[in-house]
Amino acid sequence: MYRLTTVLITLCTILFTVLAAPLRLDGTATMSLEKRITHTGEGTWFEVGTGACGYTDTDDDPIVAISTGIYGDGGNCNQWIYITNTDNGQSAYGKTRDECESCDSGSLDMSPSLFEELSTLDTGEIPISWHFMSKGWSP
């Protein structure tokens, strides 16, 4: 009886270990969770054109330029960002399409239409918090 109990416990342990293992998505890679980092800084606006990501946009598009330090080699191009004006609580989504060489690491430069979702253009500069959405996510 003791031997049967030991065998059953061992089999259950192996089964639960296998079930708890990460699943392979395509046979080679495992899915990982990215830690969401909330950045804080200043939000400004700029007249949009052809950005560092290589796309031509207009002032009516919800475009974001991120700091050079975060932009790096452009790995965040086309990634959506959730931005909040910390003064009034207004929030909006913008798409990363450009690099802002004059921005501090937590600051963003936005298209006029995106900035207007958070404040008036006359304000010029607003305090913001923001984070990247998961890659591939779209509003």
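## A few points about the overall build of the protein
Here comes step 1: Counting its regular elements, the protein contains three helices and six strands.
Here comes step 2: Starting at the N terminus and ending at the C terminus, the protein contains elements arranged as α-β-β-α-β-β-β-α-β.
Here comes step 3: Taking contacts inside the protein between residues at least 6 apart in sequence as the whole, the part at least 24 apart equals 70%.

## Some details on the state of the cysteines
Here comes step 1: Scanning the model with the defined rule gives two disulfides in all.
Here comes step 2: Between the sulfur atoms of Cys 53 and its disulfide partner Cys 77 the distance amounts to 2.0 Å. Its S-S torsion of approximately -85° makes the covalent link between Cys 53 and Cys 77 left-handed. Placement of Cys 53 in the loop between strand S1 (39-45) and strand S2 (63-67) and of Cys 77 in the loop between helix H2 (68-71) and strand S3 (80-85) is noted, with a sequence separation of 24 residues between them.
Here comes step 3: For Cys 53, a relative accessible area of 16% gives the class buried.
Here comes step 4: Each disulfide pairs two cysteine sulfurs, and for Cys 100 the partner residue is Cys 103, the sulfurs being separated by 2.1 Å.

## Structural notes on the nonpolar core
Here comes step 1: With 16 residues, the main nonpolar core has Val 64, Ile 66, Ile 81, Ile 83, Leu 108, Met 110 and Trp 130 as its most contacted residues.
Here comes step 2: Sorting the residues of this core by element identifies S2, S3, strand S5 (108-110), helix H3 (112-118) and strand S6 (125-132) as the ones contributing at least two each.
Here comes step 3: For Trp 130, the residues in contact, after removing those within four places along its chain, are Ile 37, Thr 38, His 39, Ile 70, Ile 81, Tyr 82, Ile 83, Ser 105, Gly 106, Ser 107 and Leu 108.
Here comes step 4: Of all hydrophobic cores here, the second largest spans six residues; its members include Val 48, Ile 63, Ala 65 and Cys 103.

## Considering the environment of Thr 68
Here comes step 1: Along the polypeptide, Thr 68 turns up in helix H2.
Here comes step 2: For the pair Thr 68 and Glu 101, spaced 33 residues apart in sequence, the C-alpha separation works out to 5.3 Å.
Here comes step 3: If sequence neighbours within four positions are ignored, Thr 68 has contacts with Glu 99, Cys 100 and Glu 101.

## A look at the confidence of the model for the protein
Here comes step 1: Chain-level pLDDT for the protein is 87 on average; 78% of the residues reach the 70-or-more range.
Here comes step 2: Residue range residues 23-33 is modelled with pLDDT below 50. Its contacts to residues more than four positions away, or to other chains, number seven contacts.

## Some points on the pairing of S3
Here comes step 1: Burial runs high along S3: five of the six residues are buried.
Here comes step 2: Where S3 lies against strand S4 (residues 91-100), five bridges are found, and the strand directions are antiparallel. Counterpart to Ile 81 in the pairing with S4 is Gly 94.
Here comes step 3: In this structure, the hairpin formed by S3 and S4 is closed by a connection of five residues, where Gly 89 is found at a positive phi of approximately 80°.

## Here we look at the sheet that holds S6
Here comes step 1: As summarised here, the arrangement of the six strands in space is S1-S5-S2-S4-S3-S6, forming a closed barrel in which the pairing is mixed. Neighbour-to-neighbour, the strand axes of the sheet open up by a mean angle of 45°, direction not taken into account.

## Some words on the packing of aromatic side chains
The description of an aromatic ring pair uses the distance of the two centres, along with the angle that the planes make with each other.
Here comes step 1: Using the criterion set out here, one finds three aromatic pairs in the structure.
Here comes step 2: Between Tyr 82 and Tyr 93 the ring centres are 4.9 Å apart and the planes differ by 50°, which places this aromatic pair in the tilted class. One end of the pair, Tyr 82, is in strand S3; the other, Tyr 93, is in strand S4, and eleven residues separate them in sequence.
Here comes step 3: For the ring pair Tyr 93 and Trp 137, a centre distance of 4.8 Å and an interplane angle of 40° mean the geometry is tilted. Here Trp 137 lies in the segment after S6 and Tyr 93 lies in strand S4, a separation of 44 residues in the sequence.

Calculation notes
Residues numbered from 1 in each chain as written. Predicted model: local features only at pLDDT ≥ 70, side-chain atom pairs only at ≥ 80, totals over all residues. Heavy atoms only, no water. Helix = DSSP H or I, 4+ residues; strand = E, 2+ residues; numbered from the N terminus. Contact = heavy atoms within 4.5 Å. Disulfide = S-S within 2.5 Å. Buried < 20%, exposed > 50% of the residue type's maximum accessible area, 1.4 Å probe, protein only. Core = buried A, V, L, I, M, F, W, Y, C linked by side-chain atoms within 4.5 Å. pLDDT = per-residue confidence, 0-100. Pairing = 2+ DSSP bridges. Axes fitted to C-alpha atoms, helices over the stretch in contact; angles between N-to-C directions. Phe/Tyr/Trp six-rings, centres within 6.5 Å; stacked < 30°, edge-to-face > 60°.

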